[in-house]
Amino acid sequence: QVQLVESGGGLVQAGGSLRLSCAVSGGSFTDYAMGWFRQAPGEEREFVATISWTGFTTKYADSVKDRFTIFRDNAKNTVYLQMNSLKPEDTAVYYCAAKRRVTSENALAYDYWGQGTQVTVSS
């Protein structure tokens, strides 16, 4: 059973930075492309970023491009989301997810999900 555990969320002022981590266990980490999604209250879950198993291919939502960076350490079975220049509209629960083979921006394509970590950006 593949398990994903996110950490690193918290409260930060606008313009600040946070780094989220997602530790993966119970499977072969390099079998999976990884994604980050977020969900604000009353909103649908939305795509944030995705990364291939090699780390060579990444994709971002337009709303976070040039501010967020997704990367992975396959030796540590961990994927990260570095978030800079945070805005109040980035406030949401952030989820990491895993899927086999290629990257995807579609949440329905992912097989495994973490429990989420809250990110709150104050103005």
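As the structure is a prediction and not an experimental result, all values here were calculated from the model.

Calculation rules
- Residues numbered from 1 in each chain as written.
- Predicted model: local features only at pLDDT ≥ 70, side-chain atom pairs only at ≥ 80, totals over all residues.
- Heavy atoms only, no water.
- Core = buried A, V, L, I, M, F, W, Y, C linked by side-chain atoms within 4.5 Å.
- Buried < 20%, exposed > 50% of the residue type's maximum accessible area, 1.4 Å probe, protein only.
- Helix = DSSP H or I, 4+ residues; strand = E, 2+ residues; numbered from the N terminus.
- Contact = heavy atoms within 4.5 Å.
- Disulfide = S-S within 2.5 Å.
- Phe/Tyr/Trp six-rings, centres within 6.5 Å; stacked < 30°, edge-to-face > 60°.
- Lys NZ or Arg CZ within 6 Å of the ring centre and 35° of its normal.
- Pairing = 2+ DSSP bridges.

J.: Could you give an account of the nonpolar core, with specific residues and numbers?
T.: Ranked by size, the top nonpolar core spans 33 residues in total, and within it Met 34, Trp 36, Leu 81, Met 83 and Tyr 94 carry the most contacts. Counting only elements with at least two residues in this core, the list comes to strand E3 (18-25), strand E4 (32-39), strand E5 (46-51), strand E7 (68-73), strand E8 (78-83), strand E9 (92-100) and strand E11 (117-122). Counting residues per element, this core draws most heavily on E9, which supplies 5 residues. With sequence-adjacent residues up to four places away left out, Met 83 is seen in contact with Gly 16, Ser 17, Leu 18, Leu 20, Arg 67, Phe 68, Tyr 94 and Val 119.

J.: Give a detailed account of the state of the cysteines, specifying residues and quantitative values.
T.: Within the structure shown, the criterion is met by 1 disulfide. A sulfur-sulfur separation of 1.9 Å characterises the disulfide bridge that pairs Cys 22 with Cys 96. Between Cys 22 and Cys 96 the disulfide shows an S-S torsion of about 50 degrees. By sign, it is right-handed. Taken as a pair, Cys 22 in strand E3 and Cys 96 in strand E9 lie far apart in primary sequence, 74 residues in all. Accessibility assignment for this pair places Cys 22 and Cys 96 in one class, buried.

J.: Which residues make up the packing of aromatic side chains, and what values go with them?
T.: For the structure shown, the criterion picks out 7 aromatic pairs. Centroid distance Phe 71 to Tyr 80: 4.9 Å. Interplanar angle 20 degrees. Geometry classified as stacked. Note on Tyr 80: relative accessible area 14%, which makes it buried. An aromatic cluster of three or more residues is present, and its members are Phe 37, Phe 47, Tyr 95, Tyr 110 and Trp 113. A cation over an aromatic ring shows up here: Arg 45 above the ring of Tyr 95, its NZ or CZ 3.8 Å from the ring centre. Here the guanidinium or amino end of Arg 45 rests over the ring plane of Trp 113, the centre of that ring lying 4.8 Å away.

J.: A description of the environment of Tyr 80 should follow, citing residues and the corresponding values.
T.: Along the polypeptide, Tyr 80 turns up in strand E8. Along the backbone, Tyr 80 and Ala 97 are 17 residues apart, and their C-alpha atoms lie at a distance of 12 Å. Excluding its chain neighbours within four sequence positions, the residues that come into contact with Tyr 80 are Arg 19, Leu 20, Ser 21, Trp 36, Thr 69, Ile 70, Phe 71, Arg 72 and Asp 73.

J.: Give me the lowdown on unusual backbone geometry, citing residues and values where you can.
T.: One non-glycine residue, Asn 77, adopts positive backbone phi at about 55 degrees. Among the structural elements, Asn 77 can be located in the loop between E7 and E8.

J.: Can you lay out the pairing of E3 for me, pointing to particular residues and giving the numbers?
T.: Here strand E1 (residues 3-7) runs beside E3; their pairing, made up of 5 bridges, is antiparallel. For Glu 6, the partnering residue across the bridge sits in E3 and is Cys 22.

J.: Just give me the short version of the pairing of E9, but keep the residues and values in it.
T.: Judged by how many residues are buried, E9 sits mostly within the fold: 7 of 9 residues are covered. With 8 bridges joining them, E4 and E9 adopt antiparallel strand pairing. Directly across from Gly 35, in E9, lies its bridge partner Ala 97. Two strands pair when backbone bridges link them, and E9 and E11 are joined in this way by 3 bridges, in the antiparallel orientation. When the sheet's bridge partners are listed, Ala 92 is paired in E11 with Val 119. In this sheet, strand E10 (residues 112-113) lies alongside E9 in antiparallel orientation, the contact comprising 2 bridges. By the bridge assignment, Ala 97 is partnered in E10 with Trp 113.

Everything listed here is a matter of coordinates, which is why it stays silent on function.
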